[in-house]
Amino acid sequence: MRTTANIFAAVGFVLLAEGSTHAAAMTAAPEPDRESSESDDEEVANEPTVLPMPPDVEKLIQYLEKQAVQIRGEGIQLLKDYLRTSRKGPETAEALFKLAELIWEDAQAGYLESMGAYQAAVELCHTDRSACKKVPRQRPKVDLTPAQDVYRQLIHEYPRFRKIDTVIYLYAFSLREQDKGDEAVRYFYKILKEYPASRFRADAWMALGEYRFYERQDHVGALKAYENVAKFPSSQLHGLALFKSAWCYWKMGNGDMAAQRFKDVLDLTERARDRGAEERKRAAELQDQALDYLVELFTEDDTKSARDAFDFMVQIGGKAYSTRVLKRLAETVFDQTRYERAAEAYLFLLNLDPMGKDAPEYQIRVVESFQSLESHDRAAAEMRKLAINYGPKSDWARANKDRPKTVAAARDRAAEFIRTHAKVLHANAQRNEKESKTVDKAMFAQAADAYGFYLEQFEGSPDAAELTYYRADILFFKLQDFRKAGDAYISVARTKPVGKFHKDALLQAMGSFERLRPPAPKSSADKKNRKVTEDDRKFAEAADLYAEILPDDKDIITVIYKNGLFFYDYGEYDEAVKRFGLILERYPDNPLAADAGDHILRSFSEASDYENIEHWARRLKKSKAFATPVEQARLDNLIVGSMTKSAEALVEKKEFEKAATRFHLVAEEYPKHTSAPVALLNAGAAFEKAGRPQSAVDSYREIAKRFPGAAQAPAALFTAAQLEESVADYASAADIYEQISHSYPKFERSSVALKNAGLLRQSLGQYDRAAAHYAAYEKRNRASSDARDVAFQRGILMEEKKDHKQAVVVFGEFVKNYPNDEHAIEAMVRQARAQMALRSDNRANESLEQALGAYKKQKGSKIAALYAAEARYLQGQIKFRDYERVTVSGGPKQLARTLENKANLLDDAKKIYLDVVEFKVPEWATAALYQIGRGYATFAQTIRGTDVPKQLSEDEQIVYREELDKSVIVIEDKALDAYRMGYSKAIEIGVYNEYTKRLRQALAELDPGTFPPEVEIRMGPRQGEAELRLMPIEEIRRD
Amino acid sequence: MIDIRKACTGLLVCGFLGCGATGPQQKDGKIVAADVPAVVPEAQQLFEKGLATMARGPKHYEKAIEFFQKAVDRDKNLFEAWHNLGYLASRQGRWLDSVEAYDKALSIQPASRSSLLGLTNAYVRNGDPESAQARFAAWLKADPNDDEIRLLYASALREAGGMDEALTQVLGLLAKNSNNAVAFNALGLIYRKQGKGGLAETAFRRAAELDPKAGYVWNNLGLLSIDDKNDQEAFAHFSKAIELDPNYVEAILNRAVVYLDCGAYEQALEELKKAVALRASDPDVHVALGVASRGLGKMALAVQHYEKALELQPDYPPALYDLGVLYMDHRDDKKSAREKLLLFRKVASSDDPKQEDATLRLKMLQ
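Residues numbered from 1 in each chain as written. Chains lettered and ligands numbered in written order. Predicted model: local features only at pLDDT ≥ 70, side-chain atom pairs only at ≥ 80, totals over all residues.

J.: Go over the overall build of chain B with me, naming the residues and quoting the values.
T.: When its secondary structure is counted, chain B shows 21 helices and two strands. In chain B, buried positions account for 55% of the 366 residues. For chain B, restricting intrachain contacts to residue pairs at least 6 apart in sequence, the fraction spanning at least 24 positions comes to 51%. (Helix = DSSP H or I, 4+ residues; strand = E, 2+ residues; numbered from the N terminus. Buried ≥ 20, exposed ≤ 12 C-beta atoms within 10 Å, placed from the backbone. Contact = placed C-beta atoms within 7 Å.)

Below, the structure is given as structure tokens:
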């Protein structure tokens, strides 16, 4: 198929020859490509200067064109009206011819308009792939049908019209345009056959040649036709015919002839060098046409590659023209949106001359071609080459170093291209998202990559911040690659000068890195274990950068605050405090200052850095943000709390002295604070641990003194009392216990204090006070089990005080109140002791009977047995007293009665003492046996001391005395037996008490031979003290 | 025996004036040793021979004393040898000799703490707690934080009758450390001596709480029981003390005293045998053995024990009296009896309760 380009070319020839206005417009002579190696200066001199049309001229032209269309329309209408209204005549053919010409021009104008729109669509397609859909599938065609109808009318109605050959030619031309080749050929033949002088013969032969060449592949026939054209050397088709004939030879396999013919065509310009200007121009045009035609040949055949074209040129000896051919070929296929071939052609061109001046442009076309083919990887690779292979330090730049402007321009061109490309990709992705309502991540990734590549290659470019920001946005919003986005945003912020993107970039950077952070640890332990990651550091870096480059920004405080929070979250309290502190110092009036202050305190709290909490709380007290009474009170609480905590930390470190001092400071500085008593309490405890009991006591007592109503006061006093006891200051301890009992009667240990006071007063020998305390205790605690112990203790106190009357009363009350207490028998016995001390033997005996009766009921208990034995022993003692009270005097009869009475009483006592043994309590058994012996011994002494009645004669007195002595010996023997038995028993069972000693002494008196009295000096009991280890010195040292 | 006169001319004078009572030197709050000249080599050799001999046991003490004495003869500044002479004298119950030797050691090296302990112990045992007090006071001036010395100082004050000051010292220690069982025990002893049995018991009980294994505290509780004439309870406390520390001699002796008071001589003898094995250098133990032996009718054995006591302390009054009585009442050896009783009257203090009886007996022996 022939293309319209060929037709125009042919028409062009025709109309140029005709000199027609509209035909001239169709012959756009191409600008000659120039193989050039000139320097930049020469470039400037030789490069065609396309000056912009002055606006006024441009307007005028547009106006005139509009006028021409209008006038042409009016002319057509005028001619039509004329033909319709006029009768046919010789002028009719002229009018028809003119009408056809105007209609033809009008079709041409329409075509040009359509073609302009088509070209614009193609242009747009090159830059915007999405616009390629709007490019018409077929190029516009000129609609010659209306003109053709008029020509047909002329041919049929006016065969003798003076320009009938022209009419036939144009009619044939229009038929061929309508792909009616066979019919068109018939009319071309008609010219050759019927009009031998027609100036269209060469054109007709050319048309026939083309028909045969393309429609019939009749290369021989075509050659003949072209050869006929060549017979018209003045025809503008002459060169073309030569060229086409060469082509026919080529097709016919006659390479030599083909090569010679091609060479002839291409050398036309060279051969015309010495000829006139007109001829040189014509030669040049012909050469261009030949080359165009050659390009056309190669573009029409998809099997022919650029290399084929090159090889062909080499083969025909036209290598010198190969670049021009290939360049045109590339441009043509590129314009035809045949990008695969375009890419191949440009790559071939680049391969032919990689260091050529136009290489960057070729590379751009390569990239565009692959982009158009949606071969993104390849496009990206080629774009990379564009940036790298034609950069300032590339081989290409070195090869073109004498063209600095070219190199710079190439660089700018590449930058612009890549930048534009990236932006287009970005815009496409955005548009796609808008239209499809979905994010095509691949599209955005391409855009991001393109931006990245641009930024990588054109570092420091003025728009780096902007493009980096765009890229970062894509990474953040579309690809959710927050790490890369954060890095990109930060790199935006690092560019200088600070511009419109910096602030948002830093905010976005923080947002990016914040998203990468795992959830903030909650516990202190987790915070300690949490390591600050690279993302964390970058977050902080962004925030710090913000504060650095945007110090006056209204959002700076928020940023610093966020940064502080960030460090706080991860337990980096030092860093957190720096930021929060900055807010407080620089922006004390900002609403965030209060929160910042809180976080400072919390930071130190998390780090258990109480000294700093205190320090900051004191500072914050002076801050406006904390000026309200509520905040002041809160800070006071914090100061107290932190002082307390720091003191507690000192306790932990066993620095008790310091801790105590610190606790004390709290109470001194905040005497009205609710923690003051607690602080004093803690101070006391710390002093205790510091080994300063007196200071501890002072602290505890201070609580009661300064804060008598404090809940801690009684407990503190109690501790103080215990402490005083612990350091053996019993009097002071008693004082404090009394204070507790008196001032804090409702304190849970008030009664214990009272009891302790009693015990201590008793130990101190202050019996009255002790007794009063015990009595008060009993009164307060009558229902408690402890009360009976105290009641009993009060009885013992009376014993110690030797207040027997009171002892009788107290023990009597005890027995009455607690008859079943385990100490009841003991109380009865003690009561009896007191009664005996008061010489109330009868009452004593009653008490003892009561004790024994109780024992009979209880039994079992060793303690009960002990006191029961004593009770029986005391009954013996009462009987023994009766015995002792009987005085021996009077006459013999009275004496006999008295002695008998005494003997009976002794016997009664003895029976009771023997009863004591039955209780099997060794101590009292020993005592009882001793008393039996003692009874006999005293009875013997009594008898021995009895006066002999004076009324007896001397002999009688002797007899009387002898009888008494006999009885005394018997009685003393009984005493001795009792002592011996008692003593041996005591030693046997290991009783070493007062009665054992007495037994031994009694034996020494009655039987000094067997039991010699001890008169020696010997050691008494020895005190026990920690053994002093005395050691010898075993080494001589003279250091 | 130490030749005191030869060893230290004027030592007795020095003792009266309290040589070394100025205490050690101190620097930066610490006691510093005095510079002592380098030891004479020959003296060092003799010192080492003395050590080796002493290590062979009490039977070799006399020989050891000879070596140490020769050592100080060669090098009068060899305070280590003086110290050991003091130590050996105390082991033999020769308290005066011990005082003199330790005093000499301290006059050369006032910073020798072990010599101070030896000296003050010897003072107290020799019935001179006042001198011990002076020594302790001087030491405490140089080192107020030496709590052990302060406790010994309080003990010396107590024995000398300075109850208030003793109490101040002990309470001062308790104020520093209320968990000091030894101080509570010392407090109890002061209260006991003041006749404040209730407070004494409270203090002893606290000491027993703080140091449940302290036998000496239970021994002292036994003393309180004796004071209350509750020998049975005292016996139990002494037994508890011995249970806690089977080698605690004071408690063993005190239990023997209870036995002797009750005439349980066999039991007393058994206890005293244990005591003498642990502390053969104590003349009191030998006297008690003599009493127990006499109680059991073993007169010859009793004489041996009394003589042993006199060997340890030649002018020991109880041994002289008891031996005199034995010779008089059980041996009918008037001469020996007279000799011992005369000596007793001479060496015993004038207020000794047995002075009157000794006088009476001597009249009877005429």
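J.: I'd like to hear about the overall build of chain A, residue by residue, with values.
T.: Each helix and strand in chain A was counted, giving 48 helices and zero strands. In chain A, which comprises 1039 residues, the share counted as buried stands at 43%.

J.: A description of the nonpolar core should follow, citing residues and the corresponding values.
T.: All names here are of chain A. Judged by nonpolar contacts, the single largest core of 418 residues is most densely connected at Ala542 and Ala851. Among the elements that make up this core, the one with the highest residue count is helix H46 (residues 922-944) (twelve residues). Apart from residues lying up to four places away in sequence, Ala542 is in contact with Ile490, Ala493, Leu506, Ala509, Met510 and Phe513. (Core = buried A, V, L, I, M, F, W, Y, C linked by C-beta atoms within 7 Å.)

J.: Explain the interface of chain A and chain B to me, and be specific about the residues and the numbers.
T.: Tallying the contact residues gives 43 residues for chain A and 67 residues for chain B. Among the elements of the structure, helix H35 (693-706), helix H38 (750-763) and helix H48 (994-1006) of chain A are those that each provide at least two residues to the side of chain A that touches chain B. Top contributing element to the side of chain A that touches chain B by residue count: H48(A), with four residues. Its residues assigned to classes, the side of chain A that touches chain B comprises 20 nonpolar, eleven polar and twelve charged. (Nonpolar A, V, L, I, M, F, W, Y, C, P; charged D, E, K, R; others polar.)

J.: Quick rundown of helix H20 (residues 334-347) of chain B? Include the residues and the values.
T.: Side chains of residues three or four places apart in an α-helix project in the same direction, reflecting 3.6 residues per turn. Residues and elements named next belong to chain B. Here H20 contains 14 residues, and its C-alpha end-to-end distance of 20 Å stays within 8% of the 20 Å for a straight helix at 1.5 Å per residue. Where H20 is concerned, the buried positions are Ala337, Lys340, Leu341, Leu343, Phe344 and Arg345. Looking at the buried residues of H20, the elements they touch are helix H19 (317-331) and helix H21 (355-365). (Expected span 1.5 Å × (residues − 1).)

J.: Lay out the confidence of the model for chain B in plain terms, naming residues and giving numbers.
T.: When pLDDT is averaged along chain B, the result is 89, and 94% of the positions lie at 70 or above. Within the model, the stretch residues 1-20 of chain B combines pLDDT values under 50 with 34 contacts to residues more than four positions away or in other chains. (pLDDT = per-residue confidence, 0-100.)

J.: Account for the environment of Val142(A), with residues named and values stated.
T.: Residue and element names in this part refer to chain A. With respect to the secondary-structure elements, Val142 resides in the loop between helix H5 (90-127) and helix H6 (145-157). Placed 28 residues apart in sequence, Val142 and Ser114 show a C-alpha to C-alpha distance of 9.0 Å. For Val142, the contacting residues outside a window of four places in its chain are Ala107, Gln108, Tyr111 and Glu177.

J.: Now, about the packing of helix H8 (residues 129-142) of chain B against helix H9 (residues 147-159) of chain B: what can you tell me, with residues and values included?
T.: Residues and elements named next belong to chain B. Between H8 and H9, the shortest axis-to-axis distance is 8 Å and the interhelical angle comes to 150°. In terms of orientation, H8 and H9 fall into the roughly antiparallel class. At the point where H8 passes H9, the crossing takes the left-handed sense. Contacts from Pro129, Ala132, Gln133, Phe136, Ala137, Trp139 and Leu140 of H8 reach H9 at Ile149, Arg150, Leu152, Tyr153, Ala156, Leu157 and Glu159. Of the residues that constitute the contact of H8 with H9, the class distribution is eleven nonpolar, one polar and two charged. (Axes fitted to C-alpha atoms, helices over the stretch in contact; angles between N-to-C directions. Parallel < 35°, antiparallel > 145°, perpendicular 65-115°, else oblique. Left-handed = near helix turned anticlockwise from the far one by under 90°.)

J.: A description of the environment of Ala540(A) should follow, citing residues and the corresponding values.
T.: By secondary structure assignment, the location of Ala540(A) is in helix H27 (residues 534-549). On the basis of neighbour count, Ala540(A) is assigned to the buried category, with 21 C-beta atoms found within 10 Å.

J.: Outline the confidence of the model for chain A, listing residues and values.
T.: Caution applies to low-pLDDT regions: their predicted coordinates should not be interpreted in detail. The pLDDT averaged across chain A works out to 84; a share of 94% of its residues lies at or above 70. Note on residues 1-50 of chain A: pLDDT under 50 across the span, and 57 contacts to partners over four residues away in sequence or across chains.

J.: Can you explain helix H7 (residues 164-177) of chain A? Please cite residues and give values.
T.: All names here are of chain A. For H7, spanning 14 residues, the distance from its first C-alpha to its last is 20 Å, which sits close to the expected 20 Å at 1.5 Å a residue. Of all 14 residues making up H7, twelve are buried, and the element is well covered by its neighbours. Taken residue by residue, H7 has Ile164, Thr166, Val167, Ile168, Tyr169, Leu170, Tyr171, Ala172, Phe173, Ser174, Leu175 and Arg176 as its buried positions. Phi for Asp179, located one or two positions after H7, is positive at around 55°.

J.: Can you break down unusual backbone geometry residue by residue, with the values?
T.: With an omega of 0°, the peptide bond running from Lys496(A) to Pro497(A) counts as cis. Tracing the backbone shows Pro497(A) in the loop between helix H24 (482-494) and helix H25 (502-516). Of note, the phi angle at Glu374(A) is positive, near 60°, even though the residue is not glycine. In this fold, Glu374(A) is placed in the loop between helix H18 (359-372) and helix H19 (376-389). For Glu374(A), a count of 10 C-beta atoms within 10 Å corresponds to the exposed category. A positive phi angle, close to 55°, is found at Asp332(B), a residue other than glycine. On the secondary structure map, Asp332(B) appears in the loop between H19 and H20.

J.: Help me get a handle on the environment of Arg471(A), residues and values and all.
T.: All names here are of chain A. Here Arg471 is to be found in helix H23 (residues 464-478). Take Arg471: there are 27 C-beta atoms within 10 Å of it, and that puts it in the buried class. Expressed as a C-alpha distance, the spacing of Arg471 and Gly452, which sit 19 residues apart in the sequence, is 7.0 Å. When near neighbours in sequence (up to four residues on either side) are disregarded, Arg471 contacts Ala448, Tyr451, Gly452, Leu455 and Ala488.

J.: Residues and numbers for the packing of helix H45 (residues 892-918) of chain A against H46(A), please.
T.: Residue and element names in this part refer to chain A. In the contact formed by H45 and H46, the axes pass within 8 Å of each other and the chain directions differ by 170°. Our classification of the angle between H45 and H46 gives roughly antiparallel. For H45 against H46, the interelement crossing comes out left-handed. Every residue of H46 that contacts H45 at Leu899, Lys902, Leu906, Ala909, Lys910, Tyr913, Val916 and Val917 is listed here: Trp924, Ala925, Ala928, Gln931, Ile932, Gly935, Phe939 and Ile943. Classifying every residue of the contact of H45 with H46 by side-chain character gives twelve nonpolar, two polar and two charged.

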